[in-house]
Amino acid sequence: MEKYKLFWGDAHSNIHTESMQDLEKWFEQAMELIDFWPIAYYPYHMKKVNGFGLEDWLDDGILKEDWKNLKRFVMQKNQEHNGEFVAFMGFEWQGDGQDGDHNIFYLDDDQVIHKTMHFKDLISVLPKGRAIAIPHHTAYKLGSRGKNWAIHDEVISPFAEIYSSHGSSECDLTDIPMNRHIHMGPRVDGGTVLDGLSRGNKFGIIASTDNHDCPAVYGQGLMACYAENLSKEAIWDAFINRRVYGVTGDRIKLLYKINDSIMGSKVKANPPYLHNVEVEGGSAIHRVELYRNNILTADYTHTGKWELLPLSEVVKFKFKVEFGWGPDLKIYPDMKKKVWQGSLETEGEIHSVEKCWTNYGQKLNNLNKNRCEFEITSYKTVQSSKWMGISPVQTQAFIFEIEAPLHSSIKLVIDNRKILIPVADILQKSHLFGFLNEAKELVEERWGIKSYYRNDPFWHAAYKVKIHRGIPEIGYKVNFNWVSEEKVKDEDFFWVKVIQRDGNTAWSSPIWIQ
C-alpha cells in the first residue's frame, strides 16, 4: 500500500453549452477542491414542441464546436498543471432512457461524442480500456432512466455512482433519501447498486455531485481513488482497477483490504480472510459495517467507545466552522449573499483544513503552522440553472484539524468580531454566534421596528457562525479488523460502509473472493 496515494475528484459536474464560456471559472474551483476532474459535458438542451419542453441532443454544429473547445481546454490545462492536477474529457449519455444514464470519459483526447440510442450499441463503439461509462442515479425505475443491469460490461463500466445530488442509489431500503428530483422518482428496487452487484456484475463504487452549476459541491458526493501518483495514466489505472470509493460530504479516508488486497480487487485465496478497515472521518465515526454478498456480516459501533476516555494535556481534534444563514429572502429579497472576512489562530498547530464549499467565492489564504485567513461567501438560497430547480445552498464551512494544549484557546476573528473559545469548551459542545446588532439595525432601517417581546424578527435576520463540537482523534479514527473463516458462495464479495454521527457516509468498492 505504500505505493498508493489518496486523491479526490468529482466525476459528475455537468457543463452545458451556455456555460462553456465559464470553463476557466469551473476549473479554478475544481483546482481549489479536488485533484482530478473528469468533465461531463452535457450535450442536451430543452426544445419546445407545441410549447412543451422536451430534452433532446444539441445540434451537431454546437456539439462539434463545444467538443473542440473542450479538447483544447483539457489539453492545455493538463500541460500547464502536469503533476498537480488531472482533467479528462467526457460527456453525459442518456440514450432512449431504457438502459440508464452514463457518463463517458476518455483517457485520450482525440475521441468523439457518440449519439447512440442503446447502451449495447454504445459499448460496441467505445474503445475498451481507454473509455469508461459510469452509470448514475441507478435506482430510478428501469425504463425511465434507471440502470439496466442486464447490460453490463465490467471493462467499460468499472464503477457506478451510488450517491449524488439525486440522493442514494444504494438500495430502496436505506436511510439516505433520493427525493431531490421528484419528477424522476421515486426510487425503486431493480436498478439499485446492490441489485447490480447481486446479479454478479463486478464494478466499484463512487459518489459524485451530478451538479450543473459548480464542481465539487460539498454534500453532493465526491469520489476518491488510490493511485501511484497524480498523473493521467495513474488515475486511469485506479479507475479501471476499481481502486475507488465514494463519500457523501466529508472526505472520509477509507482503506479496506482483505489480506493484502485493496478494495476493487479480485482475489483467489483460501480462508481464513483477514478484513482490515482503516477510517479517518471529518467528525465522530458512528459505525463501520462489513457486508458479504450485500448482507451485513460484521459491524463495529464506535459511538460509546471513546467519549469517556481522558484527554491528554495536548489534544489533536477536528471541528467544523460554518458560516451563513441570515435574512429570509422572502422578506429581504435583495440580500442573497454575504462576504465574510476572517482568520483563525491557535497556540498549537493546524494539521489540515478541509474545504466544505458549496459555491464560488471562497478563499483560504496564508495558511501556516498556527494561523490562517479566509474569505467566505455564503448564500441564503441560490437559484440554480433550469436543469436543477432551486438548490438550498445556504452555508460554507471548513473542518479544521488542530493539535493544541487542552487548556489553550482558539481565536477567531470574523468581520472584526473577536471570538475566543477554550479548546476544552469546543470538545464539550457546539457554539452558535449571531450577528444580532447588525440584524437589529437592518430591521429598524427596513421596518422601523426597534423591539419586540421576543427576538424572532432580529435573530431570524441575523447572520450566524456555528462552531461545531470538536472531536478528538480517538473519535474520528477507527481501525476495524475481522476474520471470515469460510465462503458462502463459489464467489463471495465484500464491501464496507462507514457512517459518521452527523450522517456523512462512505462506501468502499467491493472485493471479490473467487
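Treat the numbers as computed from the prediction; the structure is a model and nothing was measured.

(A) Quick look at the overall build of the protein chain. Of regular secondary structure, the protein chain possesses nine helices and 36 strands. For 514 residues, the compact-globule estimate of 2.2 N^0.38 gives 24 Å, and the C-alpha radius of gyration of the protein chain, at 24 Å, lies within 12% of that figure. Its C-alpha atoms give the protein chain principal-axis dimensions of roughly 70 × 65 × 45 Å. Relative to all contacts within the protein chain whose residues are 6 or more apart in sequence, the contacts with residues 24 or more apart total 71%. Carbon and sulfur atoms form 48% of the exposed surface of the protein chain, whose accessible area is close to 21900 Å².

(B) How the structure looks around the packing of aromatic side chains. For the structure shown, the criterion picks out 30 aromatic pairs. Seen in terms of ring centroids, W8 and Y245 are 5.9 Å apart; in terms of plane orientation they differ by 75 degrees. Their pairing is edge-to-face. One end of the pair, W8, is in strand 1 (residues 5-9); the other, Y245, is in strand 13 (residues 244-247), with 237 residues separating them in the sequence. Both residues of the pair, W8 and Y245, count as buried.

(C) How the structure looks around the pairing of strand 17 (residues 273-280). For strand 17, a buried count of six out of eight residues is recorded, marking the element as mostly surrounded by other parts of the structure. Pairing geometry for strand 14 (residues 253-258) and strand 17, over six bridges, is antiparallel. Bridged to L255 within strand 17 is E278. Alignment of strand 17 against strand 33 (residues 477-484), held across eight bridges, turns out to be antiparallel. Of the residues in strand 33, the one forming a bridge with V277 is F480.

(D) Examining the sheet that holds strand 21 (residues 337-346) more closely. As summarised here, the arrangement of the five strands in space is 23-24-21-28-29, forming an open sheet in which the pairing is antiparallel. This sheet does not close on itself; its edge strands, each paired only once, are strand 23 (363-365) and strand 29 (417-422). Strand after strand, the sheet turns through a mean of 20 degrees between neighbouring axes, direction not considered. For strand 21 and strand 24 (residues 371-379), the ladder comprises nine bridges, and the chain directions are antiparallel. Within strand 24, the position partnered with S343 by the bridge is E373.

(E) Region of interest: the packing of helix 1 (residues 23-33) against helix 2 (residues 60-80). Viewed as axis vectors pointing N to C, helix 1 and helix 2 meet at an angle of 35 degrees, and their least axial separation amounts to 12 Å. At the point where helix 1 passes helix 2, the crossing takes the right-handed sense. Touching L23, E24 and F27 of helix 1 are L70, F73 and K77, all from helix 2. Considering only residue class, the contact of helix 1 with helix 2 consists of four nonpolar, no polar and two charged.

(F) Focus on unusual backbone geometry. A cis amide bond links G185 with the next residue in sequence, P186, at an omega value of 5 degrees. Among the structural elements, P186 can be located in the loop between strand 10 (167-168) and helix 4 (193-198). The omega torsion across P271 and P272 is 5 degrees, close enough to zero to call that bond cis. When you line up the elements, P272 lands in the loop between strand 16 (266-267) and strand 17. The backbone phi angle of R145 is positive, close to 80 degrees, even though this residue is not glycine. Among the secondary structure elements, R145 is positioned in the loop between strand 8 (131-135) and strand 9 (159-164). The exposure class assigned to R145 is partly exposed, which follows from its relative accessible area of 21%. Positive phi values are uncommon outside glycine, yet R242 reaches one of about 60 degrees. Judged by relative accessible area, R242 falls into the buried class, the value being 8%.

Conventions adopted
- Along each chain, residue indices are assigned from 1 in the same order as the chain's sequence is written.
- In keeping with the model being predicted, local features are shown solely for residues with a pLDDT of at least 70 and side-chain atom pairs are shown and tallied solely at 80 or more, while totals for entire chains, interfaces and linings include all residues.
- Side-chain descriptors were evaluated using all non-hydrogen atoms of the structure, hydrogens and water having been removed beforehand.
- Segments assigned H or I by DSSP are reported as helices when at least four residues long, segments assigned E as strands when at least two residues long, and all are numbered from the N terminus.
- The globule rule used here is 2.2 Å times the number of residues to the 0.38 power, and the radius of gyration it is set against is calculated over C-alpha atoms.
- Throughout, a contact is declared for two residues whenever any of their heavy atoms are within 4.5 Å.
- Computed by Shrake-Rupley with a 1.4 Å probe, the accessible areas treat only the displayed protein chains as cover when residues are assessed.
- Stacked, edge-to-face and tilted labels apply to pairs of Phe, Tyr and Trp rings (six-membered ring for Trp) whose centres lie within 6.5 Å, assigned for plane angles under 30 degrees, over 60, and everything in between, in that order.
- Summary of the burial criterion: residues with accessible area below 20% of their type's maximum are buried, those above 50% are exposed, and those between are partly exposed, where the area comes from a 1.4 Å probe applied to protein chains only.
- Should DSSP find at least two bridges between two strands, the strands are regarded as paired.
- For helices, the axis comes from a line fit to the C-alpha atoms of the stretch in contact; other axes are also lines fit to C-alpha atoms, and the angle between any two N-to-C directions lies between 0 and 180 degrees.
- Less than a right angle of anticlockwise turn of the near helix away from the far helix marks a crossing as left-handed, whereas a clockwise turn marks it as right-handed.
- Residues are grouped as follows: nonpolar covers Ala, Val, Leu, Ile, Met, Phe, Trp, Tyr, Cys and Pro; charged covers Asp, Glu, Lys and Arg; every other residue, Gly included, is treated as polar.

As far as function goes, none of this settles anything; it's purely spatial.
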